[in-house]
Amino acid sequence: DDGFQVEALKTALTEAELIEKVKDLHILGIRSKTQVTRKVLEASNRLLAISCFCIGTDQVDLNYAQELGIPVFNAPFANTRSVAELIIGNIVGFDP
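Residues numbered from 1 in each chain as written. Predicted model: local features only at pLDDT ≥ 70, side-chain atom pairs only at ≥ 80, totals over all residues. Heavy atoms only, no water.

(A) Expanded view of helix 4 (residues 80–93). For helix 4, built from 14 residues, the straight-helix expectation of 20 Å at 1.5 Å per residue is met to within 8% by its first-to-last C-alpha distance of 20 Å. In terms of residue burial, helix 4 counts as a barely covered element, since only zero of its 14 residues are buried. (Helix = DSSP H or I, 4+ residues; strand = E, 2+ residues; numbered from the N terminus. Expected span 1.5 Å × (residues − 1). Buried < 20%, exposed > 50% of the residue type's maximum accessible area, 1.4 Å probe, protein only.)

Here it is as structure tokens:
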């Protein structure tokens with residue numbers, strides 16, 4: 001069974017909760033409220049990359065991630081299409 005498993009969470013985890021989750025992760029995708037601290041990175045033993053689905057990467061300890069050789073990247077326009085769809089829907093539904 002060489003596959004992968006994806007788990008999506010609705011809320012940000014505390015540092016302690018995230019430490020438990022990252023132990024066997026290969027890829028970590030986060031939103032702006034999740035903090036990937038040095039302690040979190042120390043707990044990860046298989047982490048290959050971190051993706052920040054928000055603007056910027058301030059919530060990740062970039063220096064320590066770099067020391068560990070874990071690339072960190074972001075997707076600042078991940079929600080652009082959803083916002084455009086919402087605005088167009090509002091314009092269409094607008095009734096003065």
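Don't stop here, the text continues.
(B) A nonpolar patch on the surface, seen in detail. Residues Val83, Ile87 and Ile91 make up a contiguous nonpolar surface patch of about 280 Å² in total accessible area. Relative accessible area serves as the criterion here: at 45%, Ile87 is assigned to the partly exposed category. (Patch = residues over 30% accessible without salt bridge, like charges linked within 9 Å, V, L, I, M, F, W, Y side chains within 5 Å. Areas by Shrake-Rupley, 256 points an atom, 1.4 Å probe, with all protein chains shown as cover. Salt bridge = Lys/Arg side-chain N within 4 Å of Asp/Glu carboxyl O.)

(C) The arrangement of the environment of Leu48 in detail. Tracing the backbone shows Leu48 in the loop between helix 2 (38–43) and strand 2 (49–52). For Leu48, a relative accessible area of 53% gives the class exposed. Sequence spacing of Leu48 and Glu17 is 31 residues, and the spatial spacing of their C-alpha atoms is 19 Å. Apart from the residues within four sequence positions on either side, Leu48 is in contact with His26, Ile27, Ile70 and Pro71. (Contact = heavy atoms within 4.5 Å.)

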